[in-house]
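# Structural description and commentary
Letter by letter, the chains look like this.
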Amino acid sequence: MQFAPTADRTFASYAPLLDDRTQRAIRERAGAVSDLTVCHVNTTASGGGVAEMLRSLVPLSTDLGVEADWQVMTAPDAFYEVTKAIHNGLQGDGASLTEAMEATYHETVAENAAAVERRYDVVVLHDPQTLGMVGHLAERFPETTFVWRCHIDLTDPAPETLAFFESDLERVDRVVVSRQEYARPLDTEATVIHPAIDPLAPKNRPLADLTGEAAAAADLDRYPVDPDRPLLVQVSRFDPWKDPLGVVEAYRLVAEDVPDVQLAFVGGMPDDDPEGQEIYDAVEGETADDESVHLLTDLPDAGVNAMQRAADVVLQKSLREGFALTVSEALWKRRPVVGTNVGGIPLQITDGENGYLVEPRDIEATAERCRRLLEDEALAERLGEGGRETVQRRFLLPRLLADYCELFADVTR
Ligand code: UDP
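Described below are features of the structure shown in this document. Every chain is numbered independently, its residues counted from 1 as its sequence is written. Reporting of local features is limited, given that this is a predicted model, to residues whose pLDDT is at least 70; pairs of side-chain atoms are given and counted only at 80 or more, and all residues count toward the totals for whole chains, interfaces and linings. Where side-chain values are given, they derive from all heavy atoms of the structure, hydrogens and water being excluded.

### So, helix H13 (residues 325-332)
What counts here: Between buried and exposed lies partly exposed: a residue is buried under 20% and exposed over 50% of the maximum accessible area for its type, with that area taken using a 1.4 Å probe on protein chains only. Here a helix means four or more residues in a row that DSSP labels H or I, a strand means two or more in a row labelled E, and each is numbered from the N terminus.
In terms of burial, H13 is largely enclosed, as eight of its eight residues are buried. Regarding H13, the residues found buried are Leu-325, Thr-326, Val-327, Ser-328, Glu-329, Ala-330, Leu-331 and Trp-332. Following H13 by one or two positions, Arg-334 adopts a phi angle in the positive range, close to 60°.

What follows is the structure in structure tokens.
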């Protein structure tokens, strides 16, 4: 286990984004649990939505008096092969684990649990990778309250993958999911908390506020896209659930009517995602002869920000999706989003009001909505404004902290 580096955040810096009543309510909720110590545990300090949130949530929590740590597991590559299979299994793509895979999982979680040095009042284990630590930790720290924060879509899990976690799930005090439906296959009490984005992060700040290296990374001249041509962007890990090949198909249909359209994939390769390279290669192979398609990997956050803002349409063509922070990020930037009607995306997009929702396999509809938005600037602007307002109300970081504080009060009293 390692402590992960966090951002520099104080609650006061969010004040311009929150009305007085909301600020008071958040302070009160934090005040009610300020005697607690909390530790969040996940598998990666960068890349992917969970790291994104913890980097800002943890220091904000401490600033409001709820002392929080963030620790990241250390694990061999073989562990991530196993947890990828588990992740896919929990999202319904059942390939059972071999005995050797189960052993790798158990060994790694035991080692990491043994490396936790102090007792916390609440430990939040993020995603299935960390869930197996609960038994080991509970033995060492019987007074601690354990929360499993599951960020993935659990609507239709493979029964054998769920069964693998049966005893761990019995030991956690509360499960937290992003949508009520995700808890249905579980036999435990679950709380719904929606994720959130940090408006002060280099990923989301207005580009004019960026300085130094971040400002340089946000300079579009560094990237191969042509600012004078229409641009579709999908920001996502290279992952089959994000359907990058479906995005290519939709783009090709758009290009039949809008020949100068460009497509950019902005996709990181997080340490805990071994499938990334394979999917990247597939997309690259498919688009190698098309100069209007760009694959941009491992951009700095300010570069992601600039690409999202440069997009005429942001796509999120996921087949399964826990939440999709990328959607909130784009909506916050007033970009029109065409997203699929799966998982957390319909929590954020109301079709026709602040974006468009399409069915996951409907390439034709995806292309049609993109075309419509490229052709009608006023429409794109109206949906973009709607998106900004949605995120302002429901998906900013201080609200997430308030929800966690309420949860902590609930599970420890
Ligand atoms: N992300 C990034 N660089 C990339 C691709 C993704 O910083 O090249 C970020 C993205 O901006 C978002 C997070 O990774 O903040 C992905 O979170 P999301 O909930 O959309 O999907 P997940 O990866 O957790 O399935």
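### Quick word on the site of the ligand
Which entries qualify depends on this criterion: To be near a molecule or strand, a residue needs just one of its heavy atoms within 4 Å of it. The definition of a polar contact used here is a pair of N or O atoms within 3.5 Å, where within protein one atom must be able to donate a hydrogen and the other to accept one, and adjacent residues in sequence count solely through side-chain atom pairs. All accessible areas in this document rest on Shrake-Rupley with a 1.4 Å probe, and a residue is counted as covered only by the protein chains that are shown. Throughout, the ten residues Ala, Val, Leu, Ile, Met, Phe, Trp, Tyr, Cys and Pro are labelled nonpolar, Asp, Glu, Lys and Arg are labelled charged, and all others, Gly among them, are labelled polar.
Residues in close proximity to the ligand total 16 residues, the closest being Arg-237, Lys-242, Gly-268, Leu-325 and Glu-329. A distance of 2.5 Å separates an oxygen atom of the ligand from a polar side-chain atom of Glu-329. The fraction of the free accessible surface of the ligand (540 Å²) that becomes covered by protein chains is 88%. Broken down by element, the residue count for the shell around the ligand peaks at three residues, all from H13. Its residues assigned to classes, the shell around the ligand comprises five nonpolar, five polar and six charged.

### Quick look at the side chain of Asn-42
Counting through the fold element by element, Asn-42 comes out in strand E2 (residues 37-42). In this structure Asn-42 comes out as buried when scored by relative accessible area, which is 3%.

### Points about the nonpolar core
Short version of the rule: Think of a nonpolar core as a cluster: buried Ala, Val, Leu, Ile, Met, Phe, Trp, Tyr and Cys residues, connected wherever their side-chain atoms sit within 4.5 Å. Two residues form a contact once any of their heavy atoms are found within 4.5 Å.
Counting residues in hydrophobic clusters, the biggest one holds 72 residues, and the most contacted among them are Val-233, Val-266, Met-307, Leu-400, Tyr-404, Leu-407 and Phe-408. By residue number, the principal contributor to this core is helix H17 (residues 397-412), which donates nine residues. Excluding residues within four positions of it along the chain, Leu-407 makes contact with Val-147, Arg-174, Val-176, Thr-191 and Ile-193. In terms of nonpolar packing, the next biggest core, distinct from the first, is built from 38 residues, Val-82, Cys-150, Val-175 and Tyr-182 among them.

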